[in-house]
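Tertiary structure, described
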Amino acid sequence: MDPNAVKSTLSNLAFGNVIAAAARDYQKELLAQEKGQASSSVNEEVDLDELMDDPELEKLHADRIASLKKEAEKREAWKKKGHGEYREITEGDFLGEVTGSEKAICHYYHKEFYRCKIMDKHLKSLSAKHIDTKFIKLDAENAPFFVAKLAVKTLPCVILFRQGVAVDRLVGFQDLGGKDDFTTKSLEALLIKKGIIDGKKDEDDEDDGYHESTHRTVRASVLADSDSDSD
């Protein structure tokens, strides 16, 4: 037999044994990893079960549910009182409306005044967001008693009430830069500053309309009318 052929055969056999051994080792390593993952998964399940039985977590969960339920009940109570929308009322309804809620905003307006229509737009946007405050409006021409009683002389006039007591007011647009193109966001910031609406709201309540300006051209005669006396 050729010595070189024998040497080659032995070399090939040795190499084959090495490969076979490596394959066996690799298979063992894979099995060990699978067992380790299975063990880890079991441990995770045990940990989750332990967490589910944690009395502190159960208490936090119960407190959260109770808080959500209380908030839902408050919102329902506010809606029954007319919160969450911008409504027109009559002079006969006025006292009941402003005394029936802790916080109320009443817009005294004239249907022909352009600036009153601008204020309407912004208050309507805010009413849906700030449900804890009541938003209403009253035609000044049809409410002579309260126009005189509350000394409403310039329109639009927005009066802020707490438990039926007038605590502040916005006259015309003088607190909003004196211009027609103020944003809903700027009115909201002013009402938050005056404490009649809550500044802490969820991000998902943000309305894209707050970032839009009402850029419009208004004739001088209409502007003059919008700040006229209601008498």
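For the structure, check the block above.
Attention in this report is confined to the structure presented alongside it.

1. Re helix α6 (residues 184-193)
Within α6 the residues assigned to the buried category are Thr 184, Leu 187, Glu 188, Leu 190 and Leu 191. Down the axis of α6, the sector holding all buried residues measures 160°, keeping them to one side. The inward-facing, buried residues of α6 contact β2 (103-109), α4 (114-129), β4 (157-162) and β5 (165-171). Count one or two residues on from α6 and you reach Gly 195, which has phi positive near 80°.

2. Examining the packing of aromatic side chains
One pass over the full model with this rule turns up five aromatic pairs. Taking 4.5 Å as the distance between ring centres and 45° as the angle between the ring planes, the aromatic pair formed by Phe 94 and Phe 146 counts as tilted. Of this pair, Phe 94 sits in helix α3 (residues 94-99) while Phe 146 sits in helix α5 (residues 144-149), and the two are 52 residues apart along the sequence. An aromatic cluster is present here, built from Phe 94, Tyr 108, Phe 145, Phe 146 and Phe 161 joined pairwise through their rings.

3. Regarding the pattern of salt bridges
Across all of its chains, the model carries nine salt bridges by this definition. Between Lys 103 and Asp 132 there is a salt bridge, and its shortest N-O distance comes to 3.0 Å. Of this pair, Lys 103 sits in strand β2 while Asp 132 sits in the loop between α4 and β3 (134-139), placing them 29 residues apart in sequence. Asp 132 carries the same exposure label as Lys 103, and that label is buried. Of the charged contacts in the structure, one is a salt bridge between Asp 180 and Arg 115, with a shortest N-O distance of 2.7 Å. With Asp 180 in the loop between β5 and α6 and Arg 115 in helix α4, this residue pair connects regions lying 65 residues apart in the sequence. Each member of the pair, Asp 180 as well as Arg 115, is classed as buried. Three or more residues joined by partner-sharing salt bridges are found here, namely Arg 87, Glu 97 and Lys 134.

4. Remarks on the pairing of β2
Most of β2 sits out of view: seven of its seven residues are buried. In β2, alternate side chains face the same way, and those of Lys 103, Ile 105, His 107 and Tyr 109 on one face and Ala 104, Cys 106 and Tyr 108 on the other are all buried. In this structure, β2 lies alongside β4, joined through six bridges in antiparallel fashion. When the sheet's bridge partners are listed, Ile 105 is paired in β4 with Leu 160. Note that β2 and β3 share six bridges and pair parallel. By the bridge assignment for β3, Tyr 109 is matched with Asp 139. In this fold, the crossover linking β2 to β3 by way of α4 has right-handed handedness.

5. Things to note about the environment of Ser 101
Locating Ser 101 in the fold gives a position in the loop between α3 and β2. Residue Ser 101 is classed as buried on the basis of its relative accessible area of 4%. With 62 residues separating them in the primary sequence, Ser 101 and Gln 163 have C-alpha atoms 6.2 Å apart. Residue contacts for Ser 101: discarding those within four places in its chain leaves Lys 81, His 83, Lys 134 and Gln 163.

6. Thoughts on the packing of α4 against α6
Across the interface, α4 lies against α6 with an axial gap of 10 Å and an inter-helix angle of 65°. Regarding α4 and α6, the two cross each other, and that crossing is right-handed. Side by side, α4 and α6 meet where Met 119, His 122, Leu 123, Ser 125, Leu 126 and Lys 129 of the first sit next to Thr 184, Lys 185, Leu 187, Glu 188 and Leu 191 of the second. In terms of residue class, the contact of α4 with α6 is built from five nonpolar, three polar and three charged.

7. Side note on the nonpolar core
With 21 residues, the main nonpolar core has Phe 94, Tyr 108, Val 152, Leu 155 and Phe 161 as its most contacted residues. Looking at this core, the elements that each hand over two or more residues are α3, β2, β3, α5 and β4. Ranked by residue count, the leading element in this core is β2, at four residues. Membership of the second largest hydrophobic core comes to 19 residues, among which are Tyr 114, Met 119, Phe 135 and Leu 170.

8. Looking at the pairing of β5
The two faces of a sheet get side chains in turn, since along a regular strand they alternate between them. In the sheet, β4 pairs with β5 via six bridges, with the strands oriented antiparallel. If you follow Phe 161 over to β5, its bridge partner there is Ala 166. Linking β4 back to β5 in an antiparallel pair, the connection comprises two residues, with Gln 163 at a positive phi of about 50°.

What counts, and at which threshold
- Residues numbered from 1 in each chain as written.
- Predicted model: local features only at pLDDT ≥ 70, side-chain atom pairs only at ≥ 80, totals over all residues.
- Heavy atoms only, no water.
- Buried < 20%, exposed > 50% of the residue type's maximum accessible area, 1.4 Å probe, protein only.
- Helix = DSSP H or I, 4+ residues; strand = E, 2+ residues; numbered from the N terminus.
- Arc of directions from axis to C-beta.
- Contact = heavy atoms within 4.5 Å.
- Phe/Tyr/Trp six-rings, centres within 6.5 Å; stacked < 30°, edge-to-face > 60°.
- Salt bridge = Lys/Arg side-chain N within 4 Å of Asp/Glu carboxyl O.
- Pairing = 2+ DSSP bridges.
- Right-handed = clockwise from strand over helix to strand, strands pointing away.
- Axes fitted to C-alpha atoms, helices over the stretch in contact; angles between N-to-C directions.
- Left-handed = near helix turned anticlockwise from the far one by under 90°.
- Nonpolar A, V, L, I, M, F, W, Y, C, P; charged D, E, K, R; others polar.
- Core = buried A, V, L, I, M, F, W, Y, C linked by side-chain atoms within 4.5 Å.

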